Amino acid sequence: MSLKKRYLKSKPVCKVTFELPRKAAPGASTVSLAGDFNGWDPQSTPLVRKKTGDFHVTLELPPGREYHYRYVIDGQWENDWHADRYAPSTIPGVENSVVAV
């Protein structure tokens, strides 16, 4: 599973865990997350490699909206295999992954 969502009762946020399986990025040295929640900065949200070789990061996102994002794997921009849906990007012919919280 690539997206795990946990809504907090203590504050109005949803903890979203983004996971990229090892098989999606075999041999990758760096993986990060870029999206409208971080200004599409490919370096501001690095994923951490687990002992299994999978990568993950958890973000607190305000609920009630959709967020566009993509993984950056060793400099290559890729979509999430398990996104809630896909939507057109501002770049012609490119789609973004979308997570709804």
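Computed from a prediction, not measured in an experiment: that's the story for all the values here.

### Comments concerning the packing of aromatic side chains
Given two aromatic rings, one states the distance between the centres and the angle between the planes to describe the pair. The tally for this structure, following the rule as stated, stands at five aromatic pairs. With a centroid separation of 5.0 Å and 70° between ring planes, the pair formed by Phe 18 and Tyr 69 is classed as edge-to-face. In this pair, Phe 18 is assigned in strand β2 (residues 14-20) and Tyr 69 in strand β6 (residues 66-73), connecting sequence segments 51 residues apart. The exposure classification of Phe 18 matches that of Tyr 69, with both residues buried. Geometrically, the ring pair formed by Tyr 69 and Tyr 71 is edge-to-face, given 6.1 Å between the ring centres and 85° between the ring planes.

### Observations concerning the layout of surface pockets
In this approach, a probe sized like a water molecule rolls over the atoms, and the result shows the empty space that is left. The space that makes up the largest pocket amounts to roughly 150 Å³. In terms of lining, the largest pocket is formed by Trp 40, Arg 70, Trp 77, Pro 88, Ser 89, Thr 90, Ile 91, Val 94 and Asn 96. Taken together, the residues of the lining of the largest pocket break down into five nonpolar, three polar and one charged.

### Looking at the side chain of His 68
Inspection of the secondary structure assignment puts His 68 in strand β6. Looking at His 68, its side chain comes within polar contact range of the side chain of Asn 96, at 3.5 Å. The residues contacting His 68, other than those within four sequence positions of it, are Gly 35, Asp 36, Phe 37, Trp 40, Ala 87, Pro 88, Asn 96, Ser 97 and Val 98.

### Some thoughts on the pattern of salt bridges
Within the structure shown, the criterion is met by seven salt bridges. Among the salt bridges present, the one from Lys 4 reaches Glu 19, with a minimum N-O distance of 3.5 Å. Placement of the pair is Lys 4 in strand β1 (residues 3-7) and Glu 19 in strand β2, with a sequence separation of 15 residues. Note on Glu 19: relative accessible area 12%, which makes it buried.

Calculation criteria
Residues numbered from 1 in each chain as written. Predicted model: local features only at pLDDT ≥ 70, side-chain atom pairs only at ≥ 80, totals over all residues. Heavy atoms only, no water. Phe/Tyr/Trp six-rings, centres within 6.5 Å; stacked < 30°, edge-to-face > 60°. Helix = DSSP H or I, 4+ residues; strand = E, 2+ residues; numbered from the N terminus. Buried < 20%, exposed > 50% of the residue type's maximum accessible area, 1.4 Å probe, protein only. 1 Å grid on protein atoms, 1.4 Å probe; cavity = no way out; pocket = protein on both sides within 12 Å on 5 of 7 lines; lining within 4 Å. Points joined across faces, edges and corners; volume = space filled by probe spheres on them. Nonpolar A, V, L, I, M, F, W, Y, C, P; charged D, E, K, R; others polar. Polar contact = N/O pair within 3.5 Å; in protein donor to acceptor, adjacent residues only side chain to side chain. Contact = heavy atoms within 4.5 Å. Salt bridge = Lys/Arg side-chain N within 4 Å of Asp/Glu carboxyl O.

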